[in-house]
Amino acid sequence: MAIPPRQAIRVGAYLAKQKILRREKFPITLELEPLFACNLACEGCGKIQHPADVLKQRMPVEQALAAADECGAPVVCLAGGEPLMHPQVEQIVEGLVKRKKFVYLCTNALLLPRKIDKLTPSPYLSLAVHIDGLEDRHDEIVARKGVFAQVVDNIKDAQARGFRVTTNSTFFNTDSPQNVIEVLDFLNNEINVDGMMLSPAYAYEKAPDQDNFLGVEETRELFRKAFADGRRKKWRLNHSPLYLDFLEGKVDFGCTAWGIPSYSLYGWQRPCYLMSDGYAKTYKELVETTDWDRYGRGKDPRCANCMAHCGHEPTALAATLGSLRETIRAAIPS
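If you're wondering where the values come from, they're calculated on a predicted model, not measured in any experiment.

The rules behind these values
Residues numbered from 1 in each chain as written. Predicted model: local features only at pLDDT ≥ 70, side-chain atom pairs only at ≥ 80, totals over all residues. Heavy atoms only, no water. Helix = DSSP H or I, 4+ residues; strand = E, 2+ residues; numbered from the N terminus. Buried < 20%, exposed > 50% of the residue type's maximum accessible area, 1.4 Å probe, protein only. Areas by Shrake-Rupley, 256 points an atom, 1.4 Å probe, with all protein chains shown as cover. Lys, Arg positive; Asp, Glu negative; His and termini not counted. Charge placed at Lys NZ, Arg CZ, Asp CG, Glu CD. Axes fitted to C-alpha atoms, helices over the stretch in contact; angles between N-to-C directions. Parallel < 35°, antiparallel > 145°, perpendicular 65-115°, else oblique. Left-handed = near helix turned anticlockwise from the far one by under 90°. Contact = heavy atoms within 4.5 Å. Nonpolar A, V, L, I, M, F, W, Y, C, P; charged D, E, K, R; others polar. 1 Å grid on protein atoms, 1.4 Å probe; cavity = no way out; pocket = protein on both sides within 12 Å on 5 of 7 lines; lining within 4 Å. Points joined across faces, edges and corners; volume = space filled by probe spheres on them. Arc of directions from axis to C-beta. Phe/Tyr/Trp six-rings, centres within 6.5 Å; stacked < 30°, edge-to-face > 60°. Patch = residues over 30% accessible without salt bridge, like charges linked within 9 Å, V, L, I, M, F, W, Y side chains within 5 Å. Salt bridge = Lys/Arg side-chain N within 4 Å of Asp/Glu carboxyl O. Pairing = 2+ DSSP bridges. Right-handed = clockwise from strand over helix to strand, strands pointing away.

When helices and strands are tallied, the protein chain shows 13 helices and nine strands. Expressed as lengths along the three principal axes of its C-alpha atoms, the size of the protein chain is roughly 50 × 50 × 40 Å. Across the 334 residues that make up the protein chain, the buried fraction comes to 58%. When the accessible area of the protein chain is evaluated, it comes to approximately 14600 Å², of which 52% is carbon and sulfur surface. Between the mean site of the 42 positive side-chain charges and the mean site of the 42 negative ones, the protein chain shows a separation of 7 Å.

Gly81 follows Gly80 through a cis peptide bond whose omega is 20°. If you trace the backbone, Gly81 turns up in the loop between β2 (75-78) and α4 (89-98). With an omega of -15°, the peptide bond between Arg270 and Pro271 qualifies as cis. Located in the positive-phi region is Ala143, a residue other than glycine, with phi close to 60°. Its location among the elements puts Ala143 in the loop between α6 (135-141) and α7 (147-160).

Relative to the helices and strands, Pro60 is located in the loop between α2 (52-55) and α3 (61-71). Judged by its relative accessible area of 39%, Pro60 falls in the partly exposed class. With 25 residues separating them along the chain, Pro60 and Leu35 place their C-alpha atoms 9.9 Å apart.

Once that is clear, we can look at the packing of α3 against α4. The interhelical angle for the contact between α3 and α4, taken along N-to-C directions, is 30°, at an axis separation of 9 Å. Between α3 and α4, the interaxial angle falls into the category roughly parallel. α4 is crossed by α3, and the crossing has right-handed handedness. Across the interface between the two elements, Val61, Ala64, Leu65 and Ala68 of α3 pack against Gln91, Ile92, Gly95 and Leu96 of α4. Across the contact of α3 with α4, the residue classes tally to six nonpolar, two polar and no charged.

Enumeration according to the criterion identifies two cavities of 30 Å³ or more in this entry. If you add up the space inside the second largest cavity, you get close to 40 Å³. Taken together, Pro4, Gln7, Phe102, Val103, Tyr104, Pro123, Tyr124, Leu125, Ser126 and Arg164 make up the lining of the second largest cavity. Residue assignment for the lining of the second largest cavity shows that the elements contributing at least two residues are β3 (102-107) and β4 (125-130). Element by element, the count of residues in the lining of the second largest cavity is highest for β3, at three residues. Taken together, the residues of the lining of the second largest cavity sort by class into seven nonpolar, two polar and one charged.

As a further point, take helix α9 (residues 216-226). Taken as a whole, α9 has its buried residues at Val216, Thr219, Arg220, Leu222, Phe223 and Ala226. The buried residues of α9 occupy one face: seen down the axis, they fall within an arc of 165°. Each element contacted by the buried residues of α9 is listed here: β5 (164-171), α8 (177-190), β6 (195-200) and α10 (241-248).

Within the structure shown, the criterion is met by 13 aromatic pairs. On the basis of an interplanar angle of 40° and a centroid distance of 5.6 Å, the ring pair of Phe36 and Tyr266 is categorised as tilted. Placement of the pair is Phe36 in the loop between β1 (29-32) and α2 and Tyr266 in the loop between β7 (262-264) and β8 (267-272), with a sequence separation of 230 residues. Taking the centre distance of 4.8 Å and the plane angle of 50° together, the rings of Tyr263 and Trp268 count as tilted. By relative accessible area, Tyr263 is classed as buried at 10%. Among the residues examined, Trp268 registers a relative accessible area of 0% and is labelled buried.

We now examine a nonpolar patch on the surface. Nonpolar side chains collect at one region of the surface, where Leu324, Ile328 and Ile332 lie side by side and expose about 320 Å² of accessible area between them. Here Leu324 shows up in helix α13 (residues 324-331). We classify Leu324 as exposed; its relative accessible area is 67%.

The buried fraction of β5 amounts to eight of the eight residues, a majority that puts the element mostly inside the structure. The side-chain alternation of β5 yields two buried faces, one formed by Arg164, Thr166, Asn168 and Thr170 and the other by Val165, Thr167, Ser169 and Phe171. Bridge count between β4 and β5: five bridges; the pairing is parallel. Bridge pairing in β5 links Ala128 to Thr166. The pairing of β5 with β6 spans six bridges and is parallel. Directly across from Thr170, in β6, lies its bridge partner Ser199. For the handedness criterion, the β-α-β arrangement of β5, α8 and β6 is classed as right-handed.

Shown next, in the form of structure tokens:
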């Protein structure tokens, strides 16, 4: 794993505390979206499909920090839209870091040169940059030529300034195992990012491209072949070993959607980041009034092909904590 020891220890202690307190439903990571606007129009994302008046809105700093306080999750993914378009994003980051939240600032990195002087390197902050392929493929997905080269330059600049940089890569049914290998080799070996997150393209209802999402068996075959011959152990992957097993089809997990709740301009989204079945005013209301038994593969047809980390990584983490063998496996690098 590429999760920093400080974060792994903090999250492990947090999970152990929930188990001791016998809490059934609790957050692990908060998906915080202080805006929906973006400077790109990626084929697999539906955020910019919101009405124009909504795209102009920016969440007040105090509201964003209050959501983190209410939720209590030790990790916060600051997303969007493009969070660097928020005029006070550095204040949100600073407030979260002061609370010792582990912040992943999810960005396409194009606006980093304008904002990076307002951000401060910290062991609690990671710049999580979206890289969905090598140059031609990435530029195709974001529908703009030259983006990949700019992003790589901006990553290198951030690294030189002392920032921890991770990546998030989404793979579609048009990707081959070799594509996955080449992308991860490049990120791991050539630009030396601190960690890499993988996302099998999920059936996101509002995404403009509905033809290239992966099915369950396609996902398993893609990652099983990409991870073969010991390659998985060579990459700094920012996931639990059990979630990676899940992607390969070695184990199967149900969805724990409340583990990574999404808070946006509309409130707490039901049931998860990928589906919009209404909103709750508080995290407590979200947990207590959502019919969680309705969701997951075999229950809701919208969930049929979902293997996204937002629902399944929390389940994998709970399974890790429940097994001494898996706990040791997660704690000790291969």
